[in-house]
Amino acid sequence: MRERFPVEARRFMTPSTAADTILDQLKHKIQLRQARVGVIGLGYVGLPLALLYSEQKFQVTGFDIDARKVDTLAQGGSYIYRITAEEIQSAKAQGFSATSDYSQISGMDAIIICVPTPLNEYHEPDLSYITGTTHSIAPHLRGGQLVILESTTYPGTTEEVMVPILERENRVGLKAARGEASSDNQKDGNQKEFLVAFSPEREDPGNTTVARRDIPKVVGGLNAQASEAACALYGAIFNRTVPVSSPAAAEMTKLLENIYRCVNIALVNELKMLCLRMGIDIWEVIAAASTKPFGFHPFYPGPGLGGHCIPVDPFYLSWKAKEWDFRTRFIELAGEINTNMPYHVLASVGSALNRHKKSVNGARVLVLGVAYKKDIDDLRESPSLTIIELLQKDGAEVSYHDPYFPFIGRGRKYDLQMKCAELKDLGKYDCVLIVTDHSDYDFAHIVQESQLVVDTRNATRGISSGKIVHC
Ligand SMILES: NC(=O)c1ccc[n+]([C@@H]2O[C@H](COP(=O)([O-])OP(=O)(O)OC[C@H]3O[C@@H](n4cnc5c(N)ncnc54)[C@H](O)[C@@H]3O)[C@@H](O)[C@H]2O)c1
């Protein structure tokens with residue numbers, strides 16, 4: 001097993017190596033803004049990251065296999081709601097370009113991988129995007145480069161999955177620099193090695209309270225030089241970097257953060273269901289508990305988990321844990337409770353309609369908000385999709401409205417083919433179901449116009465009406 005020492009300790013134990021030479025060269029280039037940065041995967045994580053480096057005067061090349069994204073960027077357009085075309089155009093003026101051509105990898109000094117890490121149909125990690133990317137990079141790898149993985153994944157991915165492919169499939173016999181002194185301690189040793197690190201993305205989409213720069217960046221290198229090089233690279237765009245002793249520690253850090261959220265959301269979802277039964281307002285309780293100045297952090301109930309991270313990432317760890325003959329029971333229990341929430345919403349709509357002597361079967365239901373959280377244009381794993389499918393299955397005539405989605409087509413797990421309804425004549429619906437509380441909505445007006453409102457988000461707080469059912 002690899003020895004694990006604190007970064008600084010390992011640094012002192014390691015004699016001057018090829019990795020030191022690479023580190024010095026990279027740091028110099030980063031300082032002078034001469035380092036060429038390649039970002040692979042230009043999605044919600046990769047594109048903003050590429051733009052941040054571009055703003056800091058780095059030469060940035062983005063890589064994506066989606067030709068439509070590459071074309072849109074080439075034409076100076078954007079496909080992410082919160083990124084404007086002007087931002088893309090000013091990055092282009094700074095030298096930013098996008099391509100699907102992996103041969104350009106050899107021209108990069110640092111390569112940052114931000115590709116998806118979903119679950120497969122058996123709820124197991126699907127590393128095919130990471131392995132696909134790594135297979136594509138390997139033939140174009142050259143000595144002296146820094147390769148960083150940012151995709152959220154289980155501990156061991158960087159070292160056990162990515163590095164072996166890079167070492168096996170590069171064309172010139174390169175090896176990843178590790179903790180021990182290099183056998184290639186000669187002057188051109190840096191031609192035979194590359195540096196590797198893992199650094200998790202911590203972005204919180206839609207959060208406008210913390211600037212991206214102010215989110216500390218955790219970094220775990222395969223050796224001390226890789227950590228230091230990655231810290232230098234991220235130090236150019238983040239105010240603080242946090243080195244940890246290994247890629248696995250950095251991978252685990254990200255999972256701890258997301259499991260913490262997943263488990264606490266499940267706890268509050270369970271307590272909400274109890275409070276509903278007991279006639280207690282969970283939102284009032286959370287607000288009161290939040291006045292405690294220590295030892296309590298508020299989490300909020302909702303219609304179910306959504307997004308690329310919280311519903312997915314914990315299961316990366318529970319899968320990996322099995323290799324160690326270990327069951328992650330908190331993750332499984334939280335998963336069970338959170339997965340059940342859309343079913344709870346369906347039951348609540350049913351009992352709300354029942355009070356009006358109506359049934360779900362045949363009811364006209366408007367789902368308000370389909371994004372997985374407020375004010376963002378992201379539909380991935382959104383509970384609204386499950387809720388729509390469940391309502392349809394029970395015979396409801398479902399429409400939806402969301403300012404961010406004029407159309408819902410086909411995704412990995414759904415095929416709805418629905419067009420956004422107009423936000424008018426709300427009285428024609430038997431039930432308006434609030435799933436996502438976008439800021440654009442005037443909830444007082446919505447309640448006034450509707451026959452019945454089922455609210456999964458406490459969006460109607462402060463509005464007094466017998467039409468509202470909290471769920
Ligand atoms: N979105 C978030 O808020 C967020 C936050 C923290 C961490 N993450 C993690 O970051 C990673 C990326 O997430 P995302 O939201 O940016 O995903 P995304 O789906 O928005 O973007 C991924 C991009 O990678 C591209 N891609 C796929 N395979 C490729 C390949 N072989 N070569 C080049 N490009 C390829 C896709 O075309 C897509 O444009 C995931 O592991 C995710 O868990 C995301």
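Refer to the structure above for everything that follows.
Fair warning: this is a prediction, and the values are worked out from it, not measured in the lab.

Student: What am I meant to see in empty space enclosed by the protein here?
Tutor: Vacant regions in the atomic arrangement are exposed by a probe of water-molecule size rolled over the atoms. Using the criterion set out here, one finds 1 cavity of 30 Å³ or more in the structure. Here the largest cavity is characterised by a volume of approximately 40 Å³. Looking at the lining of the largest cavity residue by residue, the class counts come to 4 nonpolar, no polar and 5 charged.

Student: Would you take a moment to explain the site of the ligand for this structure?
Tutor: Close to the ligand lie 27 residues, the nearest being Val45, Asp64, Lys69, Tyr102 and Thr117. Asp64 places a side-chain nitrogen or oxygen 2.6 Å from an oxygen atom of the ligand. Burial of the ligand by the protein chains amounts to 93% of its free accessible area of 820 Å².

Student: Explanation requested: the side chain of Thr436 in the structure shown.
Tutor: As for its position among the elements, Thr436 is in the loop between strand S14 (431-434) and helix H14 (443-449). Since its relative accessible area comes to 0%, Thr436 is described here as buried. Setting aside chain neighbours within four positions, we find Thr436 in contact with Leu368, Gly369, Val370, Ala371, Lys373, Lys374, Tyr441 and Arg457.

Student: What is the right way to look at the pattern of salt bridges in this model?
Tutor: Two side chains that carry opposite charge are able to pair once their charged atoms sit near each other. Summed over the entire model, instances satisfying the criterion amount to 19 salt bridges. Residues Glu150 and Lys217 are paired through a salt bridge, measuring 3.3 Å at the closest nitrogen-oxygen approach. Taken together, the residues span a long stretch of sequence, with Glu150 in the loop between strand S5 (146-149) and helix H7 (157-169) and Lys217 in strand S8 (residues 217-221) at a distance of 67 residues. Exposure remark for Lys217: the relative accessible area of 2% places this residue in the buried category. Lys358 is the partner of Asp430 in a salt bridge, and the nearest nitrogen-oxygen pair spans 2.7 Å. With Asp430 in the loop between strand S13 (415-419) and S14 and Lys358 in the loop between helix H12 (329-355) and strand S10 (364-368), the pair connects residues that are 72 residues apart, well separated along the chain. Residues participating in the shared-partner salt-bridge network are Lys29, Asp109 and Arg142.

Student: Explain the packing of aromatic side chains to me, please; I cannot follow it from the model alone.
Tutor: Aromatic ring pairs are reported here in terms of the distance separating the ring centres and the angle at which the planes meet. For the coordinates displayed, the defined rule picks out 9 aromatic pairs. Ring centres of Trp283 and Tyr300 lie 5.8 Å apart, and the angle between their planes is 5 degrees; this geometry places the pair in the stacked category. In this pair, Trp283 is assigned in helix H10 (residues 282-289) and Tyr300 in the loop between H10 and helix H11 (313-323), connecting sequence segments 17 residues apart. Grouped by ring-pair contacts, the aromatic residues Tyr154, Tyr316 and Trp319 constitute a single cluster. Between Lys217 and the ring centre of Tyr234, over which it is positioned, the NZ or CZ distance is 4.5 Å.

Student: Please explain the pairing of strand S9 (residues 241-244) as it appears in this structure.
Tutor: Here 4 bridges tie S8 to S9, and the two strands are oriented parallel to one another. Directly across from Gly220, in S9, lies its bridge partner Val244. Regarding topology, helix H8 (residues 224-235) serves as the crossover connection from S8 to the parallel S9, and that connection is right-handed.

Student: In this structure, what is going on with the sheet that holds strand S11 (residues 397-401)? I would like to understand it.
Tutor: To summarise the sheet geometry, strands pair through backbone hydrogen bonds and adopt either a parallel or an antiparallel arrangement. With parallel pairing, 5 strands are arranged side by side in an open sheet as S11-S10-S14-S15-S16. Whereas interior strands pair on both sides, the edge strands pair on one side only; in this sheet they are S11 and strand S16 (468-470). Strand-to-strand twist across the sheet, computed as the mean angle between neighbouring axes with direction ignored, equals 20 degrees. Examined bridge by bridge, S10 and S11 share 5 bridges and lie parallel to one another. Considered in S11, the bridge of Leu368 is made with His401. In the packing of H12 onto the sheet, contacts are made with S14, strand S15 (453-455) and S16, and the angle to S14 comes to roughly 150 degrees. Packed on one face of the sheet, helix H13 (residues 383-393) meets S10, S11 and S14 and runs near 160 degrees to S11.

Student: Hey, could you run me through unusual backbone geometry in this one?
Tutor: A negative phi holds for most residues other than glycine; trans holds for most peptide bonds. Phi is positive for Arg33, close to 60 degrees, though the residue is something other than glycine. Among the secondary structure elements, Arg33 is positioned in the loop between helix H2 (18-31) and strand S1 (36-40). Judged by its relative accessible area of 27%, Arg33 is partly exposed. Within the chain, His123 stands out as a residue other than glycine whose phi angle is a positive 65 degrees. Relative to the helices and strands, His123 is located in the loop between strand S4 (110-113) and helix H6 (128-137).

Student: It is not clear to me how the packing of H6 against H7 should be interpreted in this structure. Could you clarify?
Tutor: Two quantities define a packed helix pair, namely the angle between the helix axes and the distance between the axes. Closest axis-to-axis distance for the H6/H7 pair is 8 Å, and the angle between their directions is 30 degrees. As judged from the angle between their axes, H6 and H7 are roughly parallel. Of the two elements, H6 crosses H7, and the hand of that crossing is right-handed. Listed contacts from H7 to Ile130, Thr131, Thr134, His135 and Ile137 of H6 are Thr157, Val161, Met162, Ile165, Leu166 and Glu169. Residue composition of the contact of H6 with H7, grouped by class: 6 nonpolar, 4 polar and 1 charged.

Student: What's the story with helix H3 (residues 46-55) in this structure? I'm lost.
Tutor: Given 3.6 residues per turn, any residue in an α-helix points the same way as the ones three and four places further on. Where burial is concerned, most of H3 is hidden: 9 out of the 10 residues are buried. Every buried residue of H3 is listed here: Gly46, Leu47, Pro48, Leu49, Ala50, Leu51, Leu52, Tyr53 and Ser54. Those residues of H3 that are buried are in contact with S1, strand S2 (59-63), helix H4 (67-74), helix H5 (85-93), S4 and H8. Looking at the residues trailing H3, positive phi occurs at Lys57, about 70 degrees.

Student: Any chance you could explain the nonpolar core here in plain terms?
Tutor: A general tendency of soluble globular proteins is for nonpolar side chains to be buried together. One finds Tyr53, Ile112, Leu146, Leu195 and Leu233 to be the most contacted residues of the largest nonpolar core, which totals 43 residues. Leave out the neighbours within four places in its chain, and Ile112 touches Val37, Gly38, Val39, Ile40, Leu49, Tyr53, Ile148, Glu150, Leu233 and Tyr234.

Cut-offs and rules
Residues numbered from 1 in each chain as written. Predicted model: local features only at pLDDT ≥ 70, side-chain atom pairs only at ≥ 80, totals over all residues. Heavy atoms only, no water. 1 Å grid on protein atoms, 1.4 Å probe; cavity = no way out; pocket = protein on both sides within 12 Å on 5 of 7 lines; lining within 4 Å. Points joined across faces, edges and corners; volume = space filled by probe spheres on them. Nonpolar A, V, L, I, M, F, W, Y, C, P; charged D, E, K, R; others polar. Near = heavy atom within 4 Å. Polar contact = N/O pair within 3.5 Å; in protein donor to acceptor, adjacent residues only side chain to side chain. Areas by Shrake-Rupley, 256 points an atom, 1.4 Å probe, with all protein chains shown as cover. Helix = DSSP H or I, 4+ residues; strand = E, 2+ residues; numbered from the N terminus. Buried < 20%, exposed > 50% of the residue type's maximum accessible area, 1.4 Å probe, protein only. Contact = heavy atoms within 4.5 Å. Salt bridge = Lys/Arg side-chain N within 4 Å of Asp/Glu carboxyl O. Phe/Tyr/Trp six-rings, centres within 6.5 Å; stacked < 30°, edge-to-face > 60°. Lys NZ or Arg CZ within 6 Å of the ring centre and 35° of its normal. Pairing = 2+ DSSP bridges. Right-handed = clockwise from strand over helix to strand, strands pointing away. Axes fitted to C-alpha atoms, helices over the stretch in contact; angles between N-to-C directions. Parallel < 35°, antiparallel > 145°, perpendicular 65-115°, else oblique. Left-handed = near helix turned anticlockwise from the far one by under 90°. Core = buried A, V, L, I, M, F, W, Y, C linked by side-chain atoms within 4.5 Å.

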